[in-house]
Amino acid sequence: SNCPALFFLQLVDYWLPVPLPDSALSFIARSAPHVTEAVEGGLAAMIWLPGFERAAVVLGVLLHWLIGITPPPHNIASYGTRCVSRYVALLPHESVAVHARLASLLRGSASTSTAAAAAAAAAVFAAHVHVAYLFGNGSDHNFGSDHNF
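A quick note: this is a predicted structure, and the numbers were derived from the prediction, not measured.

The space that makes up the second largest pocket amounts to roughly 400 Å³. Lining the second largest pocket we find 19 residues, and of these Phe8, Thr36, Glu40, Leu63 and Ile67 sit closest to its centre. Contributions of two or more residues to the lining of the second largest pocket are made by α1 (3-15), α2 (22-48) and α3 (53-68). Across the lining of the second largest pocket, the residue classes break down as 15 nonpolar, 3 polar and 1 charged.

This is the structure:
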């Protein structure tokens, strides 16, 4: 697949302060699909293996953060940030503990806890829009090139 090679090369070109030699760029282009397959396959295996959930979350967040900061013209920040938000399901005990802590900080009624969850969801959405705006020049190609923020 050419998708990983294209995205890796865009990340390198945009984020590294100095250009890489052609030999390094060629190596990245050739190895990117294999690295991506290994990471995605490893991530799937770690999700299903007991005791590896936290490692899966770290690897998955890193993968989707890199996808989220891919610069134009192929930026898909919304895809990266939406995927990251789903890793909460892999750590249910930690997620419940965070929610309980938020509720206790807000003096714990059910309505306050629900309001805290709604505020957290709004903050995640605002962060998504902000990431899409910063790294997508105001647009996000996951929604189509004419979807602007």
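Picking up after the structure, the text goes on.
On to the nonpolar core, then. Membership of the largest hydrophobic core is limited to 10 residues, which are Phe7, Leu43, Met46, Ala56, Val57, Leu63, Ile67, Ile76, Tyr87 and Leu91. For this core, the elements supplying multiple residues, two or more each, are α2 and α3. The biggest single contributor to this core is α3, with 4 residues.

Attention now goes to α3. Compared with an ideal rise of 1.5 Å per residue, which puts 16 residues at 22 Å, α3 spans 22 Å between its outermost C-alpha atoms and is within 8% of the ideal. Considered for burial, the residues of α3 that qualify are Ala56, Val57, Gly60, Leu63, His64, Ile67 and Gly68. The arc that holds every buried residue of α3, seen down its axis, measures 140°, which confines them to one face. Summarising the geometry of α3, the exposed residues directed more than 90 degrees from the buried face are Arg54 and Val58.

Moving on, we come to a nonpolar patch on the surface. Taken together, the side chains of Leu62, Trp65 and Leu66 make up a nonpolar region of the molecular surface, amounting to roughly 290 Å² of accessible area. Structurally, Leu66 can be placed in helix α3.

A word on the packing of α2 against α3. The N-to-C vectors of α2 and α3 enclose an angle of 150°; their axes lie 8 Å apart at closest approach. Here α2 lies roughly antiparallel to α3, going by the angle between them. Crossing angle aside, the handedness with which α2 passes α3 is left-handed. Taken together, the residues of α3 that come into contact with α2 (itself represented by Val39, Glu40, Leu43, Met46 and Ile47) are Glu53, Ala55, Ala56, Leu59, Gly60 and Leu63. Residues belonging to the contact of α2 with α3 are distributed by class as follows: 8 nonpolar, 1 polar and 2 charged.

Turning next to the environment of Ser26. With respect to the helices and strands, Ser26 occurs in helix α2. Separated by 21 residues in sequence, Ser26 and Ala5 have C-alpha atoms that sit 9.6 Å apart.

As a further point, take the packing of α3 against helix α4 (residues 77-85). The contact between α3 and α4 brings their axes to 7 Å, and the two run at 160°. Relative to α4, the element α3 is oriented roughly antiparallel. In this structure, α3 crosses over α4, and the sense of that crossing is left-handed. Contact residues: Val61, His64, Trp65, Ile67 and Gly68 in α3; Ala77, Tyr79, Gly80, Cys83 and Val84 in α4. Residues belonging to the contact of α3 with α4 are distributed by class as follows: 7 nonpolar, 3 polar and no charged.

Before going further, it helps to examine the confidence of the model for the chain. Atomic detail in the predicted coordinates should be set aside for any region of low pLDDT. Confidence in the prediction for the chain averages 75 pLDDT; 62% of positions are at 70 or higher. Across the chain, α2 holds the top mean pLDDT of 92, while helix α6 (residues 110-135) sits lowest at 61. Within the model, pLDDT remains below 50 along residues 144-149, and this stretch shows 13 contacts once partners closer than five positions in the same chain are excluded.

Parameters at a glance
Residues numbered from 1 in each chain as written. Predicted model: local features only at pLDDT ≥ 70, side-chain atom pairs only at ≥ 80, totals over all residues. Heavy atoms only, no water. 1 Å grid on protein atoms, 1.4 Å probe; cavity = no way out; pocket = protein on both sides within 12 Å on 5 of 7 lines; lining within 4 Å. Points joined across faces, edges and corners; volume = space filled by probe spheres on them. Helix = DSSP H or I, 4+ residues; strand = E, 2+ residues; numbered from the N terminus. Nonpolar A, V, L, I, M, F, W, Y, C, P; charged D, E, K, R; others polar. Core = buried A, V, L, I, M, F, W, Y, C linked by side-chain atoms within 4.5 Å. Buried < 20%, exposed > 50% of the residue type's maximum accessible area, 1.4 Å probe, protein only. Expected span 1.5 Å × (residues − 1). Arc of directions from axis to C-beta. Patch = residues over 30% accessible without salt bridge, like charges linked within 9 Å, V, L, I, M, F, W, Y side chains within 5 Å. Areas by Shrake-Rupley, 256 points an atom, 1.4 Å probe, with all protein chains shown as cover. Salt bridge = Lys/Arg side-chain N within 4 Å of Asp/Glu carboxyl O. Axes fitted to C-alpha atoms, helices over the stretch in contact; angles between N-to-C directions. Parallel < 35°, antiparallel > 145°, perpendicular 65-115°, else oblique. Left-handed = near helix turned anticlockwise from the far one by under 90°. Contact = heavy atoms within 4.5 Å. pLDDT = per-residue confidence, 0-100.

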